[in-house]
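Analysis of the macromolecular model
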Amino acid sequence: MPRIHRLTRAVLGSLTLAVCLSGRLAAQGTSQDHPGQYSAIDIETGSRLYAGQCAQCHGPNGDMVSGIDLRRGQFRRPLSDDDLRRTISAGVPGTGMPPFNLQPTELDGLVAFIRVGLDVSGTPVKVGDAAHGQTLFEGKAGCASCHRVNGKGPRVAPDLSDIGAIRSVAALQRSLVDPTGAMWPINRSVRIVTRDGRTIRGRRLNEDTHTVQLIDEQERLVSLMKADLREYEVAKTSPMPSIAGTLTDDERSDLVAYLLSLKGLR
Ligand code: HEC
Ligand code: HEC
């Protein structure tokens, strides 16, 4: 049965687009039709609804309600995609956030548009179950063997305790599937040979014209004068393995949800 339904939806795809473009809303289908990703049609639907029903309060960039930044995925509390649908449908009682009576496809559209960072050309990111994401992070996904969270874990990779506050949902997903492409200039692995012949490997924390600071493999903070270095190599590829191919789409969504929930508050 579901297969037939999906097929129908695929056949209806181009029709749906035509309907959307003419300004009406497609009502068929539910959130269960595409569990992995959102489609361009969802995003388009969400974009139009957002401009009409949300932007007057949340602003064109999603940051006009204080403490909430829809573009960067910052809410009062961590919200999975299902939580987001519920919040939009029910509103937030006792606040200025009203309830909206919307169809499932319209809710999918809004969630998709929020998850692409309010950017119609962006890549949609599904946000799953943070608790399961934490289990993966500390267990079979092996993240905790490199990353530190809330005071627990090694320092060889960046501390992720506040990563959900400083990175967008899209940036987090990119780090997981394409760690090298998502590298920030500062976090990189370095190999240094000093003038007195010591080789030091570690992760760069900071650098200015005359000095470089890093965490070495023994997790010591090291500060060096550049004038004392014979060799200084900065890695161009990430030591972090991509999760593409090893984890499922749902597991990826759960990890993204967990990372998003890390706001450095504990
Ligand atoms: C009349 C003004 C108004 C409109 C219209 C509005 N919002 Fe809100 N929204 C708010 C306010 C105010 C809050 C903060 C509620 C609070 O204090 O927790 C909020 C909060 C939210 C939150 C965060 C909830 C949380 O728990 O952090 C989301 C998500 C959200 N709105 C989405 C939307 C979407 C999507 C639309 C359009 C369908 C929309 N809002 C339309 C005023 C509005
Ligand atoms: C072998 C060690 C290693 C493992 C395992 C690892 N990472 Fe990383 N990760 C790194 C390093 C090192 C960086 C810093 C950037 C770089 O040089 O690649 C990084 C960067 C990141 C970033 C981006 C940080 C930023 O500042 O934006 C995120 C998010 C992240 N990792 C999450 C994860 C998750 C989730 C897992 C488990 C699926 C994981 N990592 C597994 C080493 C690792």
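Structure: above.
A short tour of the structure in this document, coming up. (Residues numbered from 1 in each chain as written. Chains lettered and ligands numbered in written order. Predicted model: local features only at pLDDT ≥ 70, side-chain atom pairs only at ≥ 80, totals over all residues. Heavy atoms only, no water.)

1. Structural notes on the pattern of salt bridges
Counted only if it meets this: Counted as salt bridges are all cases of a side-chain nitrogen of Lys or Arg within 4 Å of a carboxyl oxygen of Asp or Glu. Helix and strand assignments come from DSSP, with helices taken as H or I runs of at least 4 residues and strands as E runs of at least 2, each series counted from the N terminus.
For the structure on display, the rule yields 14 salt bridges. The closest approach of N and O atoms between Arg 85 and Asp 82, which form a salt bridge, is 2.7 Å. Here Asp 82 and Arg 85 lie together in helix α3 (residues 81-90), a separation of three residues that amounts to about one turn. For Arg 86, the salt bridge identified is with Asp 83, shortest N-O distance 2.9 Å. Taken as a pair, Arg 86 and Asp 83 lie in helix α3 at a separation of three residues, close to a single helical turn. The network of salt bridges with common partners includes Asp 82, Arg 85 and Asp 108.

2. Describing the environment of Val 127
Note the cut-off: For every residue, the accessible area obtained with a 1.4 Å probe (protein chains only) is divided by the maximum for its type, and the residue is called buried under 20%, exposed over 50%, and partly exposed between those limits. Here, two residues are considered to be in contact whenever any of their heavy atoms come within 4.5 Å of each other.
Along the chain, the position of Val 127 falls in the loop between α4 (104-115) and α5 (130-138). Residue classification places Val 127 among the buried positions, given a relative accessible area of 2%. Linking Val 127 and Pro 78, residues 49 residues apart in sequence, is a C-alpha distance of 9.9 Å. Dropping the residues within four chain positions of it, Val 127 is found in contact with Leu 79, Ser 80, Asp 81, Arg 115, Val 169, Ser 253, Val 256, Ala 257 and Leu 260.

3. Description of the packing of α3 against α4
Applicable threshold: An axis is simply a line fitted to the C-alpha atoms; with a helix, the fit covers only the stretch in contact. Between two such axes, the angle follows the N-to-C directions and lies from 0 to 180 degrees. The cut-offs work like this: below 35 degrees is roughly parallel, past 145 is roughly antiparallel, 65 to 115 is roughly perpendicular, and the gaps in between are oblique. Should the near helix be turned counterclockwise from the far one by less than a right angle, the crossing is left-handed, whereas a clockwise turn marks it as right-handed.
It is at 10 Å that the axes of α3 and α4 come closest, and there the two elements cross at 120 degrees. As the angle between them shows, α3 and α4 are arranged oblique. Regarding α3 and α4, the two cross each other, and that crossing is right-handed. Where α3 approaches α4, its residues Asp 81, Leu 84, Arg 85, Ile 88 and Ser 89 are matched on the opposing element by Leu 107, Asp 108, Leu 110, Val 111, Ile 114 and Arg 115.

4. Some remarks on the coordination of the iron atom of ligand 1
Going by this rule: Water is absent from the atoms considered, so a metal site may look incomplete; donors are defined as N, O and S atoms within 2.8 Å of the metal, or 3.2 Å for Na, K and Ca. Working rule for geometry: tetrahedral if four donors all subtend angles between 85 and 135 degrees; square planar for four, octahedral for six, if opposite donors exceed 155 degrees and the others stay between 65 and 115; irregular in every other situation.
For the iron atom of ligand 1, the protein coordination sphere consists of His 58 (NE2) and Met 97 (SD), at 2.0 to 2.1 Å. Here the iron atom of ligand 1 is ringed by six donor atoms whose angles at the metal span 87 to 178 degrees, and the overall shape comes out octahedral. Taken together, the positions of His 58 in helix α2 (residues 40-58) and Met 97 in the loop between α3 and α4 put the pair 39 residues apart, joining distant regions of the chain. When its relative accessible area of 21% is taken as the criterion, Met 97 is described as partly exposed.

5. Observations regarding helix α8 (residues 249-261)
Rule in force here: Working rule for helices: expected span equals 1.5 Å times residues minus one.
For α8, spanning 13 residues, the distance from its first C-alpha to its last is 19 Å, which sits close to the expected 18 Å at 1.5 Å a residue. Most of α8 is tucked away: 10 of the 13 residues are buried. Along α8, the residues that are buried comprise Glu 251, Arg 252, Ser 253, Asp 254, Leu 255, Val 256, Ala 257, Tyr 258, Leu 259 and Leu 260. Looking at the buried side of α8, the elements it contacts are α4, α5, α6 (163-166) and α7 (169-177).

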